[in-house]
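Read off the chains here:
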Amino acid sequence: MTGSGTHAAGGFEPATGAEMRPVSVAGEGTAERAAAVREAFDALLRIRAVVNTAVPDPSAVPAEWERVRMVRAISLSLEAAGVPPSAVDERGERTATGYCVTATEHPAVVRVEWPGPRGSGARHEAETALRGCARVLGGLGWVVLEYRGRAGRRYLEVEAPSTVRR
C-alpha cells in the first residue's frame, strides 16, 4: 500500500504530503491508519525515553534516530498531531491541502510547506496552518523558523537543537 503512505517495504511510512493518492481517498482517515500512526508515534516517544536519559524531559528532545531521519520524524509528528497531509495525483497535481515535508540541501534541515490544489485557498491558510505545525514541532523539541519564499509563499525550516543541556 505504498500509494496511501500506510506501508512500504520496511513497514509503516508516515505521510510526507508528497504521496500520490486519488482525489477520492486524499482525506481518508481510516481507523487502521490512525492506529498505525499512534503506534509509530508511541514508538518514537519510547525511543526518546531510552536514548535521551541525560535530559530532564527525554520526550522534549529529538533522539538521534530522528535527527538522521528528519523527514520521516517530522512527518510522523505532524500526522500524529492530526495535521492533514497534502497529496498529489498521478500527474503530480495537488489533490489535498495540508503539510508537505521535504528534505533540503542541508542534511540537518527539513522544509514544511502548506500546498493545496489550485483554487483551494491553501496559500491563504498557510500562515495559520504553518504556525500550528510550528507549535506541534516546537513542543517536541524541534527548532522551527518561518520564512517567506518565492512570491511570498510561507514555509517552515525545521532542525534539531544544536546542543542538548546535560
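Here, the structure is the one placed above.
Below is a short write-up of the structure. (Residues numbered from 1 in each chain as written. Predicted model: local features only at pLDDT ≥ 70, side-chain atom pairs only at ≥ 80, totals over all residues. Heavy atoms only, no water.)

### Re the environment of arginine 148
Right, so step 1: Among the secondary structure elements, arginine 148 is positioned in strand E7 (residues 143-148).
Right, so step 2: For arginine 148, a relative accessible area of 54% translates into the label exposed.
Right, so step 3: The contacts of arginine 148, once residues within four sequence positions are left out, are Arg153, Arg154 and Tyr155. (Helix = DSSP H or I, 4+ residues; strand = E, 2+ residues; numbered from the N terminus. Buried < 20%, exposed > 50% of the residue type's maximum accessible area, 1.4 Å probe, protein only. Contact = heavy atoms within 4.5 Å.)

### Overview of a nonpolar patch on the surface
Right, so step 1: Residues Ile47, Val50 and Val51 make up a contiguous nonpolar surface patch of roughly 250 Å² in combined accessible area.
Right, so step 2: Among the secondary structure elements, valine 51 is positioned in helix H1 (residues 31-51). (Patch = residues over 30% accessible without salt bridge, like charges linked within 9 Å, V, L, I, M, F, W, Y side chains within 5 Å. Areas by Shrake-Rupley, 256 points an atom, 1.4 Å probe, with all protein chains shown as cover. Salt bridge = Lys/Arg side-chain N within 4 Å of Asp/Glu carboxyl O.)

### Let's talk about unusual backbone geometry
Apart from glycine, the bulk of residues carry a negative phi angle, and the bulk of peptide bonds sit in the trans form.
Right, so step 1: Phi at alanine 151 is positive, roughly 55°, even though this residue is not glycine.
Right, so step 2: Checked against the element boundaries, alanine 151 lands in the loop between E7 and strand E8 (154-159).

### Things to note about the packing of aromatic side chains
Right, so step 1: The final tally for this structure, using the stated rule, is one aromatic pair.
Right, so step 2: Ring centres of tyrosine 147 and tyrosine 155 lie 5.6 Å apart, and the angle between their planes is 25°; on these two criteria the pair is classed as stacked.
Right, so step 3: Taking relative accessible area as the criterion, tyrosine 147 reaches 32% and is therefore assigned partly exposed.
Right, so step 4: Among the residues examined, tyrosine 155 registers a relative accessible area of 11% and is labelled buried. (Phe/Tyr/Trp six-rings, centres within 6.5 Å; stacked < 30°, edge-to-face > 60°.)

### Some details on the environment of valine 50
Right, so step 1: Following the sequence through the fold, valine 50 ends up in helix H1.
Right, so step 2: As a C-alpha pair, valine 50 and alanine 63 span 13 residues in sequence and 9.1 Å in three-dimensional space.

### As for the pattern of salt bridges
Right, so step 1: Counting across every chain of the model gives nine salt bridges.
Right, so step 2: Where glutamate 13 meets arginine 72, a salt bridge forms, and the shortest distance between an N and an O atom there is 3.0 Å. Placement of the pair is glutamate 13 in the loop between strand E2 (11-12) and H1 and arginine 72 in helix H3 (residues 70-80), with a sequence separation of 59 residues.
Right, so step 3: When its relative accessible area of 29% is taken as the criterion, arginine 72 is described as partly exposed.
Right, so step 4: Its salt-bridge partner being arginine 48, residue glutamate 66 comes within 2.7 Å of it at the nearest N-O pair.

### Some points on the side chain of serine 77
Right, so step 1: Relative to the assigned elements, serine 77 resides in helix H3.
Right, so step 2: Within polar-contact distance, the side chain of serine 77 engages the backbone oxygen of alanine 73 at 2.9 Å.
Right, so step 3: Each residue touching serine 77, except ones within four places of it in the same chain, is listed here: Phe41, Val136, Leu137 and Leu140. (Polar contact = N/O pair within 3.5 Å; in protein donor to acceptor, adjacent residues only side chain to side chain.)

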